[in-house]
Amino acid sequence: MLSNIFRGGIHIPNPYPVKNPKIVKVPPPEKAVLILQQKVGGQAKPCVEVGDKVLTGQVIAGTSSQYCVPIHASISGTISAIDKQPIPHPSGIDAMCITIESDGKDKWVEKEECGADFLSCKPEQIIDKIRSAGIVGMGGAGFPTHIKVSSVKNANTLVVNATECEPGIMCDDSLMQNYPREIIRGTEILLHACSAKKAIIAIEDDKQEAFNSLLMYNHNDKITIQRIPTKYTSGADKLLIKSLLDVEVPAGKHPSDIGVLCHNVGTVKAIHDAVIDGRPLVSRIVTVTGSGVEDPKNYEARLGTSFASVVSQSKPNKQKHKIRMGGMMMGVDVNSDQYSICKITNCIFINNFEPEPQVNECIRCSSCNQVCPINLLPQQLYWSSKSESIDKALEYNLDNCIECGCCSYVCPSNIPLVDYFVFAKAVNKKQINDAERADIARQRFEYREFRIERNMSERAEMMAKKKKALKEKMAKEKQQKDKIADAIQRVSKSKENKDA
Ligand code: SF4
Ligand code: SF4
């Protein structure tokens, strides 16, 4: 029984639910554009050249860095470009991509299957399979999964986060309804890989079908399927862990620091596919929804497929659209439907264009304070961020804000509070960087001064030594000369005496 439901948060009804749980498979595209840089970690290095023929699942960009994952061809065909292309990011920046033109055959590379016998694999072998399959956090975080799994040995609990990240996204719900066996098996693989004593699959209480499906396939005593209230942001890792286990992950720490591993349910399915079927991450489930489409659906699309070719199957209307990748709360607005689906594209919102609501003055109603799931004071954070009093904002724990958007959502004055907090964090980061840079410059200057002073004193010491040595040498020489003169004098004196 769940006893630690966190305070705050909001219940947001899904405005455009996907009614049919079926996942529609989008045919492999004629052209796939694969991004080499994931949200977290370094950029993979191409190991193919333009003109090369590739098979589906073949590694086309590898890596020697731990914090980076390889990229696999999502279709078979010919490499037609390795260059910078626009990626789905609010700034519209370009990033290195590999483009494959399809040969229409979707011929797969030979897979290294491990079958159901994963228990005979050592945990390190499983972690290596996860890394080789290019798996990153599928809930939107994009963190390399093998790093997370290997970050804790003998974990006490594995938490499978089966809550949808945000209202509107339904890809995890459909995944659980369609692949319950694979998700249970994926959980068992992770239990084995991190030697956890138990696993909890946390699922929102409005996902009855998914809950029933998982329950039907779970015959493992170590795995519990736990329902939690449908409330945004109950799926945030730290809050979920607090609700399930009644333990706090301290600020600035990760769940792994307290022996808990938390993985998104989509990541668990990808781990199943990689370990059991030897299938690398070449596709993902994407929800297409919003006021601009008639038929919201969940699709399985190959990575590198354009947003437009998936969205076109959901019957978009003819109005002008706003496109958003990710959920309605924390997603990012993008300026084109020509971007490619990447490993973290869990949802594409197509909304009819509407003018932004008018922003008014803060009326100090405190609604924002009441909904903050982290117990912050967004109203105070707003005033300090607005006046760029970053130290004050930090006193109000700006760093702990998870940018969930609950405060902005309830604000009657339509103040984009999160934008202020993101701005304040960026200013703080810049100040820290500037201070660090100034500190490094000061250290360099001080070292240079010290070096000059040390060189001068070393030189003076050396000169004094030389002078002393010279003096001693001259004194010795003089002594020698005097001795010789004395000797000559003595010799000439005795000669004179003999002659006399
Ligand atoms: S909800 Fe908006 S208007 Fe109300 S206190 Fe917070 S910032 Fe001010
Ligand atoms: S965005 Fe930050 S301040 Fe606002 S409710 Fe979420 S955690 Fe609290």
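Just so we're clear, the structure is a prediction, and the values are computed from it rather than from any experiment.

On to the site of ligand 1. In the vicinity of ligand 1, the residues found are C362, I363, R364, C365, S366, C368, Q379, C411, P412, S413 and L417. Class assignment for the residues of the shell around ligand 1 results in seven nonpolar, three polar and one charged.

In this section: helix α4 (residues 180-194). Between its first and last C-alpha atoms α4 spans 21 Å; for 15 residues at 1.5 Å apiece the expected length is 21 Å, and the two agree. Burial within α4 is extensive, with eleven of its 15 residues counted as buried. Along α4, the positions that sit buried rather than exposed are P180, I183, I184, G186, T187, E188, I189, L190, L191, A193 and C194. Trailing α4 by a residue or two, S195 shows a phi angle of about 50 degrees, which is positive.

Right, let's get into the pattern of salt bridges. Side-chain pairs of opposite charge can arise where the charged atoms are in close proximity. With the rule as written, the count across this model stands at 21 salt bridges. Ionic pairing is found between E458 and R454, a salt bridge with its closest N-O pair at 4.0 Å. Highlighted residues: E458 and R454, both in helix α13 (residues 417-499), separated by four residues, approximately one helical turn. Overall, the relative accessible area of 44% leaves E458 in the partly exposed class. Here R454 falls in the partly exposed class, since its relative accessible area comes to 32%. The network of salt bridges with shared partners includes K25, R279 and E300.

Here we take up the domain arrangement of the protein. Taken domain by domain, the protein consists of domain 1 (108-322) and domain 2 (361-500). The C-alpha-based centres of domain 1 and domain 2 are spaced at 46 Å. In this assembly, five residues from domain 1 lie in contact with six residues from domain 2. Here domain 1 and domain 2 share an interface that buries about 370 Å² over both sides, 70% of which is from carbon and sulfur atoms. Looking at the side of domain 1 facing domain 2, the largest losses of area belong to Y232, T233 and L239, adding up to 79% of the total buried there. Taken together, domain 1 and domain 2 are joined by zero salt bridges. Linking domain 1 with domain 2 are one residue pair in polar contact (both at pLDDT 80 or more). Residues that form the side of domain 1 that touches domain 2 fall into these classes: four nonpolar, one polar and no charged.

The next point concerns the sheet that holds strand β11 (residues 223-228). Strand order in this open sheet of four strands is β11-β10-β9-β12, and the pairing throughout is parallel. Two strands in the sheet have a free side with no partner beyond their single neighbour: β11 and β12 (260-264). Sheet twist, expressed as the mean angle between neighbouring strand axes with direction ignored, is 25 degrees. Of the pairings in the sheet, the one linking strand β9 (residues 157-161) to strand β10 (residues 198-204) comprises five bridges and is parallel in character. Across the sheet, residue N161 finds its bridge partner in β10, namely A202. In the packing of helix α5 (residues 208-217) onto the sheet, contacts are made with β10 and β11, and the angle to β11 comes to roughly 170 degrees.

Note on placement: V418 falls in helix α13. The buried category is assigned to V418, whose relative accessible area is 14%. Sequence separation between V418 and C404 is 14 residues; the distance between their C-alpha atoms is 7.8 Å. Those residues in contact with V418 that sit more than four places away from it in its chain are E403, G405, C407 and S408.

What follows concerns the site of ligand 2. Neighbouring ligand 2 are 13 residues; C372, C401, C404, G405 and C407 lie closest to it. Counting residues per element, the ones that place at least two in the shell around ligand 2 are α12 (406-410) and α13. Considering only residue class, the shell around ligand 2 consists of eleven nonpolar, one polar and one charged.

Turning to the pairing of β11, a few remarks are in order. Taken together, the six bridges between β10 and β11 define a ladder with parallel strand orientation. Note that in β11 the partner of E204 across the bridge is I228. Taking the sense of rotation as the criterion, the β-α-β connection linking β10, α5 and β11 turns out right-handed.

A few words now on the sheet that holds strand β2 (residues 31-35). As summarised here, the arrangement of the four strands in space is β2-β8-β7-β4, forming an open sheet in which the pairing is antiparallel. Across the chains shown, the open sheet's two edge strands, defined by having one partner strand only, are β2 and β4 (53-54). In this sheet, strand β7 (residues 77-86) lies alongside β4 in antiparallel orientation, the contact comprising two bridges. Bridge pairing in β7 places V54 opposite G77.

Each value, and the rule that gives it
Residues numbered from 1 in each chain as written. Chains lettered and ligands numbered in written order. Predicted model: local features only at pLDDT ≥ 70, side-chain atom pairs only at ≥ 80, totals over all residues. Heavy atoms only, no water. Near = heavy atom within 4 Å. Nonpolar A, V, L, I, M, F, W, Y, C, P; charged D, E, K, R; others polar. Helix = DSSP H or I, 4+ residues; strand = E, 2+ residues; numbered from the N terminus. Expected span 1.5 Å × (residues − 1). Buried < 20%, exposed > 50% of the residue type's maximum accessible area, 1.4 Å probe, protein only. Salt bridge = Lys/Arg side-chain N within 4 Å of Asp/Glu carboxyl O. Domains from an automatic or database assignment. Contact = heavy atoms within 4.5 Å. Buried area = accessible area lost by both parts, 1.4 Å probe. Polar contact = N/O pair within 3.5 Å; in protein donor to acceptor, adjacent residues only side chain to side chain. Pairing = 2+ DSSP bridges. Axes fitted to C-alpha atoms, helices over the stretch in contact; angles between N-to-C directions. Right-handed = clockwise from strand over helix to strand, strands pointing away.

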